[in-house]
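Descriptive analysis of the structure
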Amino acid sequence: MLSALERFAPLPLQESWDNAGLQVGLTETEVSGALLCLDVNEKIVDEAIQKGCNLVVSHHPLLFRGLKTISDLTDVQRTVMKAVQKGVCVISMHTNMDNAKGGVNYKMAEKLGLRDVQFLAPKMVDGVESGSGVIGELPEAQASDDFVLAVKKAFGVECAMCNELLRRPVRKVALCGGAGDFLLDDALKAGADAFITGEMHYHQYFGYEQQIQICVIGHYQSEQYTTEIFRDIIEKECPGVRTCIAETCTNPVLYL
């Protein structure tokens, strides 16, 4: 299972600050079922147990940095302790899955129906094609307000944070899941009419009026379909393994 996921998104593709890969558990554990999710917390481990899954595959790592204590003091420590006690393994595929061809950003592009999709900021890592963000084209140009509505529908979001609406059609679209605002200028240089991401700093909305349509939909919302990538990899490479997409919503941000 771990090797199948890492063949698709090799660990060298992850950013230097990241901690993708095996988080908790033994590498040779026989998998009874895999629960697929974005984040790992106690409720996710509980759902895995309830569904008879002894493996959790997440996008965001449970462990970003080392723990000096494993107790009941923090949510992360409690989650690790419960996973160990209950025999639940945890694997995370984070920025390696962001940077992989066919990964998070390609899935976002698929949901929007983009064509001719390619990396926005391509690079080679150990001979493997990878990159940050993607860019592609809509089948037909859309007015900016219709485009924003289509994005909201595709990702099931209640609202989108945008700069002023573009007074020209949107056809070429760049995007990056999660915190992708570092790619805004790359999107502009690539000739994108619009840029979609999950998070953007306030001051970055300034100065792009009528240059590019910014559309920010939320970190969780932008990456929510990553579980479908996990499912497809496991079903193809490990056909005997049962997969379940988590029903627990781990998004900590509420829109009230």
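One structure accompanies this document, and this report is about it. (Residues numbered from 1 in each chain as written. Predicted model: local features only at pLDDT ≥ 70, side-chain atom pairs only at ≥ 80, totals over all residues. Heavy atoms only, no water.)

**A few points about the packing of helix α5 (residues 104-112) against helix α6 (residues 144-155)**
Relative orientation of the contacting elements α5 and α6 amounts to 115°, with a least axis distance of 9 Å. Read as a crossing pair, α5 and α6 show a hand that is right-handed. From α5, M108, K111 and L112 reach across to α6, where they touch V151, A154 and F155. For the contact of α5 with α6, the residue count by class is five nonpolar, no polar and one charged. (Axes fitted to C-alpha atoms, helices over the stretch in contact; angles between N-to-C directions. Helix = DSSP H or I, 4+ residues; strand = E, 2+ residues; numbered from the N terminus. Left-handed = near helix turned anticlockwise from the far one by under 90°. Contact = heavy atoms within 4.5 Å. Nonpolar A, V, L, I, M, F, W, Y, C, P; charged D, E, K, R; others polar.)

**What about the sheet that holds strand β3 (residues 55-58)?**
Spatial strand order, β1-β4-β3-β2-β11: five strands in an open sheet with mixed pairing. Edge positions in the sheet fall to β1 (21-24) and β11 (243-245), since each of these pairs with one other strand and no more. Going across the sheet, the axis of each strand differs from the next one's by a mean of 25°, ignoring polarity. Sheet topology places β1 next to strand β4 (residues 89-92); three bridges connect them, and they run antiparallel. By the bridge assignment for β4, G21 is matched with S92. Its contacts with the sheet put helix α2 (residues 42-50) on β2 (34-37), β3 and β11, and the angle it makes with β2 is roughly 150°. Contacts from helix α9 (residues 226-237) reach β2, β3 and β11 within the one sheet, and its direction differs from that of β2 by about 150°. (Pairing = 2+ DSSP bridges.)

**Focus on the sheet that holds strand β6 (residues 128-142)**
Taken in spatial order, the six strands of this open sheet run β5-β6-β8-β9-β10-β7, and their pairing is mixed. Because the sheet does not close on itself, it has two edges, and the strands there are β5 (115-125) and β7 (161-162). Set on the sheet, α5 makes contact with β5, β6, β8 (170-176) and β9 (194-197); between it and β8 the angle comes to about 150°. Of the strands in this sheet, β6, β7, β8, β9 and β10 (213-216) are in contact with α6, which crosses β6 at around 125°.

**Section: the packing of aromatic side chains**
Given two aromatic rings, one states the distance between the centres and the angle between the planes to describe the pair. Evaluated as defined, the whole model comprises three aromatic pairs. Measuring from ring centre to ring centre gives 5.8 Å for F155 and Y225, while their planes differ by 45°; the resulting arrangement is tilted. One end of the pair, F155, is in helix α6; the other, Y225, is in the loop between α8 (219-223) and α9, and 70 residues separate them in sequence. Residue Y225 is classed as buried on the basis of its relative accessible area, which comes to 17%. Against the face of Y225 rests K111, its NZ or CZ located 4.4 Å from the ring centre. (Phe/Tyr/Trp six-rings, centres within 6.5 Å; stacked < 30°, edge-to-face > 60°. Buried < 20%, exposed > 50% of the residue type's maximum accessible area, 1.4 Å probe, protein only. Lys NZ or Arg CZ within 6 Å of the ring centre and 35° of its normal.)

Note that every value here comes from positions in space, so none of it alone points to a role or purpose.
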